[in-house]
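# Working through the structure, step by step
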Amino acid sequence: MAKLPKMNLFVDAFNSDTVYLSEEELGLYMRMIFYAWTHDAYLPKDKEIIYCLPKKPNDALVDKILKLFWTEDDKGYFQKRMLKEYNYAMEVSNKASLSAKSRYANAEPTQSEGIATNTITKTITKTKDIYIDQFNEFWELVDNKVSKGQANKNYQRLEKEWALQPKELAKHYNDYYSSISEKKFAKQPAFRLSAEKYLDEKPKEYSRDDEEKYRLKSHAEMYSKGHRLPTWSRGYMEKLEELANKL
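Here the structure is a predicted model, which means the values were calculated and not measured.

Next up on the list: a nonpolar patch on the surface. There is a patch of nonpolar side chains on the surface, built from Val 19, Tyr 20 and Leu 68 and spanning about 270 Å² of accessible area. Assignment of secondary structure puts Leu 68 in helix H4 (residues 59–69). You can call Leu 68 partly exposed: its relative accessible area is 32%.

Counted by the stated rule, this structure contains eleven aromatic pairs. Measuring from ring centre to ring centre gives 6.2 Å for Phe 135 and Phe 138, while their planes differ by 40 degrees; the resulting arrangement is tilted. With a gap of three residues between them, Phe 135 and Phe 138 both fall in helix H7 (residues 132–141), about one helical turn apart. Following the ring pairs from residue to residue traces out a cluster consisting of Phe 14, Tyr 29, Phe 69 and Trp 70. Against the face of Tyr 177 rests Lys 183, its NZ or CZ located 4.5 Å from the ring centre.

A few words now on the nonpolar core. Counting residues in each nonpolar core, the largest one holds 27 residues, and the members touching the most others are Tyr 29, Met 32, Leu 43, Ile 50, Ile 65, Leu 66 and Trp 70. Those elements that place two or more of their residues in this core are helix H2 (23–37), helix H3 (47–51), H4, strand E3 (76–78) and helix H5 (80–104). By residue number, the principal contributor to this core is H2, which donates six residues. When sequence neighbours within four positions are dropped, the list of residues in contact with Met 32 reads Leu 43, Ile 50, Leu 53, Val 62, Ile 65, Leu 66 and Trp 70. Of all hydrophobic cores here, the second largest spans 18 residues; its members include Phe 138, Ala 170, Tyr 177 and Leu 193.

Pairing between the strands of a sheet comes from backbone hydrogen bonds, and it takes one of two forms, parallel or antiparallel. Overall, antiparallel pairing links the three strands, which are arranged E1-E3-E2 in an open sheet. The open sheet has two edge strands, strand E1 (43–44) and strand E2 (71–72), and neither has a second partner. Taken together, the two bridges between E2 and E3 define a ladder with antiparallel strand orientation. In the sheet register, Thr 71 faces E3, and the bridge partner there is Phe 78.

Rules of the game
Residues numbered from 1 in each chain as written. Predicted model: local features only at pLDDT ≥ 70, side-chain atom pairs only at ≥ 80, totals over all residues. Heavy atoms only, no water. Patch = residues over 30% accessible without salt bridge, like charges linked within 9 Å, V, L, I, M, F, W, Y side chains within 5 Å. Areas by Shrake-Rupley, 256 points an atom, 1.4 Å probe, with all protein chains shown as cover. Salt bridge = Lys/Arg side-chain N within 4 Å of Asp/Glu carboxyl O. Helix = DSSP H or I, 4+ residues; strand = E, 2+ residues; numbered from the N terminus. Buried < 20%, exposed > 50% of the residue type's maximum accessible area, 1.4 Å probe, protein only. Phe/Tyr/Trp six-rings, centres within 6.5 Å; stacked < 30°, edge-to-face > 60°. Lys NZ or Arg CZ within 6 Å of the ring centre and 35° of its normal. Core = buried A, V, L, I, M, F, W, Y, C linked by side-chain atoms within 4.5 Å. Contact = heavy atoms within 4.5 Å. Pairing = 2+ DSSP bridges.

From the geometry alone we can't say anything about function, so treat these as descriptive.
Here's what the structure looks like:
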């Protein structure tokens, strides 16, 4: 088993993702991250264990952070980006460990071997902007152009199927941004990409006419059961009676 690899912390993305958390919430979130990294990038399935992470147990706070940042599956709670980073880091660490054992079994590496190893490592760990054209199209379309550099880094880490859909990603963000009344509290594009919010199921939208029909039907059901409200006018009562007869 290779030594546990170091965990990279992308400061810009982390700050933008957690800027609205209190100090207590931020501390709990960090404890969760550190615990997960030392346990195969997973929090346990048993919530009672997670509730014990803070020094002063706060079940409601734990549930809040889980809902905001973690996804549950059969194994426990995870973050897709962390899990990918962990598996990649373990793969690189295992390869480096095996390479070192093989190399030092016979002799110290030569200077050329050391240069070759460093070159391979740098090539593996370097992030290439393979979706730069798609990102530029995405950035041109989004309404809130903040933290472009971090947004680009997060975009390059997207799954291919989404990275090739800049227009759809921009629409997802713009729909979210337009729904926020206080724009200063809106999440940046970088956060929406890293948190994969584009995967969230869009809630069903109801028009004013739909809401009026639903309210009328509810009142008709009340009327049929003998309930009356003093605010109901005679004309409205007649409408309710007609609808109640059809139910």
